[in-house]
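# Examining the three-dimensional arrangement
Spelled out, the chains give:
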Amino acid sequence: MEKASENGIYETGNAVGFCVIEPAGGTYNFIRRIFSCSRQPYRQIINKEWDQVELTKNRLTTSILKASKYIQFTIDDDFNIPDSREDVDKVIMSRGNVIVENTDVLEGRIVVSGIVVFKILYQSASGEEDSDSDKGDVPVVCFESEIPFEESVVVEDPHEEIKPGDRVDGTYTLEDLYITVINSRKIEVRGLVGMKLAVYDRASIEAAVDVANASGISCCYKKFSCTNMVTSCKDMIKVKEEIQLPASKPNINRLIWDEVSFRKFDMKPMNGSISVSFEMELFAIYKGEEEGTPLSFVNVTKEINSSIECPGVYEDMILDGFVTPGKGNVTVKQDSDGEDRIIYVEYNLAAEARVYEDRDINILEDMFSGTANIEPVREEFRYETLRVKNNARTKITRKERLKSSAPGILQILFVCGDCDIDSVKLMDDHIEISGAVRAYIVYVSNDDTRPIFQIEAVLPYTYNVETVQLKDDDSVRITPGVDAITADLINNDEVEIKCVVAMDVTAFARNSCSLITDTKILPVDMDKKAAVPGITGYVVKEGDTVYNLARTYYSSVDSIIKMNNLGEGDIKTGDRIIIVKCP
């Protein structure tokens with residue numbers, strides 16, 4: 001008596017056969033093959049060799065952007081001019097910088113503390129720079145100080161809370177600085193600080209890539225691509241440079257004003273370290289030793305090359321880093337002849353870098369055995385994949401005419417600027433970045449009562465940075481900067497400003513997947529296994545794979561390949577194959 005089963009498979013006594021039904025010319029052909037096999041008794045126990053499955057693992061590390069926030073806050077304080085300084089008449093120019101000293105990540109919020117350092121150059125109301133200066137000189141005096149701050153910023157993430165241990169990257173900008181003369185001995189300093197915070201979670205996982213004791217286990221693999229974080233490092237770059245005065249300049253009696261700026265940062269991974277190169281520009285105003293000489297000016301640019309140790313880094317890796325200038329000091333030193341002709345610049349710059357490498361590996365997607373129930377243990381892993389790394393540059397040119405209240409220009413002494421971003425739009429094949437460069441031009445005027453003067457100019461820009469198509473949830477990081485800026489005198493009341501703006505763009509796609517990290521060995525469902533015939537004849541359907549068929553019929557990939565002489569294990573729709581169940 002024959003007992004029919006589903007899918008054309010039937011059994012007769014101790015023999016197992018199959019029947020393939022194919023449409024042909026409007027009729028059906030019945031193809032029947034009988035294969036003899038002896039029934040094997042099943043044991044509802046786990047073989048000793050399956051007490052443990054040893055997995056080969058690969059460590060993956062990533063840094064995921066959890067949340068970001070931009071805020072502004074104001075600073076406001078009054079300052080009395082020290083008795084050693086002359087009375088204030090007019091403020092010529094001012095500078096300021098935000099220095100963050102500490103960042104604490106708490107539950108759901110970030111506390112940022114630091115100082116805003118500022119300095120002003122003003123014209124004295126007394127007609128003298130100090131008690132020993134020459135009568136009739138129009139003196140200029142420098143005053144500098146700092147304003148402490150502490151801001152608590154609530155940062156919300158819709159998926160998970162911000163917590164201690166998260167990494168915070170911050171960009172801090174003094175967007176506006178206003179100096180108001182209250183009286184000749186007192187000034188008010190007000191400023192607007194912009195602070196952009198990005199919170200990252202560094203996650204690691206030990207992902208299974210293979211099975212070490214793979215005898216009797218069929219494995220399925222898939223290709224996995226991610227941008228793996230190799231390491232991150234922080235270090236302080238100490239700048240110590242001596243600037244020798246040109247022979248045409250007089251010896252230094254007293255430094256009145258100094259301004260140090262850094263630009264054109266270039267960070268590259270090396271073997272075991274990260275090279276950091278940049279330009280340092282010094283602008284200084286000083287009074288010479290000889291009486292009656294006019295104020296002297298120095299403007300010097302130097303290239304600085306440094307490095308920070310970073311074990312495990314190699315040249316072909318991907319680097320995402322930045323350098324932030326901190327506090328510094330400018331003093332006068334004597335040369336070998338004992339004359340005050342050296343300006344000594346000492347500054348601390350905080351360097352931070354994250355180093356990545358693109359990983360394309362085969363990971364273990366699934367596994368099974370016909371003689372044991374192997375249950376993979378999976379863990380959800382969030383990771384990033386680098387989409388774009390573009391160090392873009394663009395040029396901006398603008399003519400600026402002096403206001404009627406400003407004195408005419410005799411000589412341009414110094415030009416500096418900073419770059420702000422107002423908006424970022426993701427387009428199909430580019431990022432549209434809009435903002436402005438604020439330029440400051442210091443010059444010698446044709447007005448004897450205002451010998452040194454400064455004007456400010458705003459250079460708006462819109463720049464398209466070429467990229468692949470990005471999504472709204474991609475992590476896009478843009479670091480703006482001014483690589484070079486100059487001003488050419490057209491006539492005594494008009495200048496042409498030229499600058500090169502740097503836009504360093506890094507974009508990561510955020511993804512997640514379930515990865516195998518461990519296994520559980522469970523008893524085989526013997527009733528379910530017993531219901532599967534010992535030998536099955538099968539016609540391959542669309543979407544079938546050798547692996548899936550072996551899993552369904554309690555066989556193995558090797559068994560199916562050898563039984564059917566499949567070579568590389570490729571099957572196609574319509575193929576007829578034999579599947580033998582494992583005992």
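Here the structure is shown first, and the text comes after it.
What comes next concerns the included structure.

What counts and what doesn't
Residues numbered from 1 in each chain as written. Predicted model: local features only at pLDDT ≥ 70, side-chain atom pairs only at ≥ 80, totals over all residues. Heavy atoms only, no water. Helix = DSSP H or I, 4+ residues; strand = E, 2+ residues; numbered from the N terminus. Buried < 20%, exposed > 50% of the residue type's maximum accessible area, 1.4 Å probe, protein only. Contact = heavy atoms within 4.5 Å. Salt bridge = Lys/Arg side-chain N within 4 Å of Asp/Glu carboxyl O. Pairing = 2+ DSSP bridges. Core = buried A, V, L, I, M, F, W, Y, C linked by side-chain atoms within 4.5 Å. Axes fitted to C-alpha atoms, helices over the stretch in contact; angles between N-to-C directions.

Right, let's get into the side chain of S475. Tracing the chain through its elements places S475 in strand β21 (residues 475–491). Here S475 falls in the buried class, since its relative accessible area comes to 1%. Apart from the residues lying within four places of it in its own chain, the contact partners of S475 are L65, E384, T506, A507, F508 and R510.

Our focus in this paragraph is the pattern of salt bridges. A complete count under the given rule lists 33 salt bridges for this structure. In this structure, D575 engages K572 in a salt bridge whose closest nitrogen and oxygen atoms are separated by 3.4 Å. We classify K572 as exposed; its relative accessible area is 56%. Salt bridges sharing partners connect three or more residues here, namely R167, D169, D320, R354, E384 and R477.

Here the focus is the pairing of strand β15 (residues 318–334). Summarising the sheet, β15 and strand β16 (residues 340–368) pair through 15 bridges and their orientation is antiparallel. Across the sheet, Q334 pairs through a bridge with D340, a residue of β16.

Moving on, we come to the nonpolar core. In terms of nonpolar packing, the biggest core is built from 33 residues, with I433, V437, L459, Y461, I497 and M503 touching the most fellow members. Elements that contribute at least two residues to this core include exactly β17 (373–401), β18 (409–426), β19 (430–445), β20 (452–466), β21 and β22 (494–522).

With that settled, consider the sheet that holds strand β6 (residues 88–106). Note: strands within a sheet are paired through backbone hydrogen bonds, in either parallel or antiparallel orientation. In spatial order, the strands read β6-β7-β8; together these three strands make up an open sheet with antiparallel pairing. Since the sheet does not close on itself, it has two edges, and those belong to β6 and β8 (140–154), each with one partner. When the angles between neighbouring strand axes are averaged without regard to direction, this sheet yields 15°. When β6 meets strand β7 (residues 109–124), the two strands line up antiparallel, connected through 16 bridges. Pairing of S94 across the sheet is with I120, part of β7.

The subject of this paragraph is unusual backbone geometry. For K264, which is not a glycine, the phi torsion comes out positive at approximately 55°. In this structure, N565 takes a positive phi of about 50° despite not being glycine. Exposure remark for N565: the relative accessible area of 71% places this residue in the exposed category.

This next bit is on the sheet that holds β16. Within the open sheet, the three strands sit side by side as β11-β16-β15. Their pairing is antiparallel. On the outer flanks of this sheet lie β11 (218–244) and β15, each paired with one strand and no other. Between one strand axis and the next, the sheet turns through 10° on average, direction left out of account. Across 26 bridges, the pairing between β11 and β16 is antiparallel. Bridge pairing in β16 places S225 opposite D360.

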